[in-house]
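Observations on the three-dimensional arrangement
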Amino acid sequence: MDILQQEEGDVLVLSPGGRLDGTTAPEFETVLLGRIGEGRTRAVIDFGRLDYISSAGLRVLLMAAKRMRQTDGRLVLCAVKAHILEVFEISGFLSIFTVETNRDAAVAAAAA
Amino acid sequence: MTAELSITLRNDLSEIPRVTEAVEGFGEAHAVGEKVIFAMTLALDEVLTNVITYAFPKDDPGPRAIHVDVSLTNGVVRAMVRDDGRAFDPLTEVPPPDLDASIDDRAIGGLGVHFLRTLMDGCSYSRRGDRNELEFFKNL
């Protein structure tokens, strides 16, 4: 899958494109958990280019959140499309994750 | 008026995008709204992922055939998934996730069946002979 990686100050911004499902989640897991494993404690996942997510994708987000918690890190999500936001809602993810409307707000929240 | 789509796939996760694309195309061709298409696609994705991952013995993985039938009749989109794996009723055998658990306590997994229950207007399982049949529907 195509995953853009950018640095905004101390904050790592990952932007996965297309579909985050059982076929693409392993690659996203390798990248995201790999970067956290390198010691990143401030990260944003920008969902602006993502059209679809299944439980396989949510599983990776939850694993990342658990890891970040162990290191007192911050993981913030942003620019989530309405139908994906609904999936977050029925998964109870809105009480686990901070979700901002756009990248600037997310980077600010992660850096704080 | 009834419209129907039938797909047979191998028990390999890489087959799923072919199914979801076909269902998206079917929905668009019959003016099914985006919301319903997305819910149906996600439910099918989750069901097929479970069947492919858990239904067949690891030491005898096949290839095995899984059958998907999708229909649109009188404002109802219906899907039926049939496989000849071990008997398994996800609707009774998968416990619902604890949505209020903290990050630390939150279990990783179990969301797929939760999506099926939550996003569909109805679902049912039956074992017929050596086959699992899982049917689910959503009203337009």
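In the annotation of an unreviewed UniProt entry, the entry for chain B reads Anti-sigma regulatory factor (Ser/Thr protein kinase), and the organism field reads Roseospira visakhapatnamensis.

For chain A, the name recorded in an unreviewed UniProt entry is Anti-sigma factor antagonist, with Roseospira visakhapatnamensis as its organism. Comment text from UniProt for chain A, heading Sequence similarities (unreviewed entry), reads "Belongs to the anti-sigma-factor antagonist family."

**Points about the sheet that holds strand 3 (residues 76-83) of chain B**
Residue and element names in this part refer to chain B. Taken in spatial order, the five strands make up an open sheet running 1-2-3-5-4, and their pairing is antiparallel. Lying at the two open borders of the sheet, with one neighbouring strand each, are strand 1 (2-10) and strand 4 (122-128). Here the average twist between neighbouring strands, direction ignored, is 15°. Relative to strand 2 (residues 65-73), strand 1 runs antiparallel, the two sharing nine bridges. Bridging from a neighbouring strand, glutamate 4 pairs with serine 71 of strand 2. Lying on the sheet, helix 1 (residues 16-29) is in contact with strand 1 and strand 2; it crosses strand 1 at an angle near 170°. Sheet strands in contact with helix 2 (residues 34-54) are strand 1, strand 2, strand 3 and strand 5 (131-139), and its direction is about 165° off that of strand 5.

**Re the environment of isoleucine 37 of chain B**
All names here are of chain B. On the secondary structure map, isoleucine 37 appears in helix 2. Judged by relative accessible area, isoleucine 37 falls into the buried class, the value being 10%. Placed 14 residues apart in sequence, isoleucine 37 and valine 23 show a C-alpha to C-alpha distance of 7.5 Å. Beyond its immediate chain neighbours, meaning those up to four positions away, isoleucine 37 contacts Glu24, Gly27, Glu28 and Val32.

Thresholds applied
- Residues numbered from 1 in each chain as written.
- Chains lettered and ligands numbered in written order.
- Predicted model: local features only at pLDDT ≥ 70, side-chain atom pairs only at ≥ 80, totals over all residues.
- Heavy atoms only, no water.
- UniProt positions renumbered as here; feature names shortened; annotations may be inferred.
- Pairing = 2+ DSSP bridges.
- Helix = DSSP H or I, 4+ residues; strand = E, 2+ residues; numbered from the N terminus.
- Axes fitted to C-alpha atoms, helices over the stretch in contact; angles between N-to-C directions.
- Contact = heavy atoms within 4.5 Å.
- Buried < 20%, exposed > 50% of the residue type's maximum accessible area, 1.4 Å probe, protein only.

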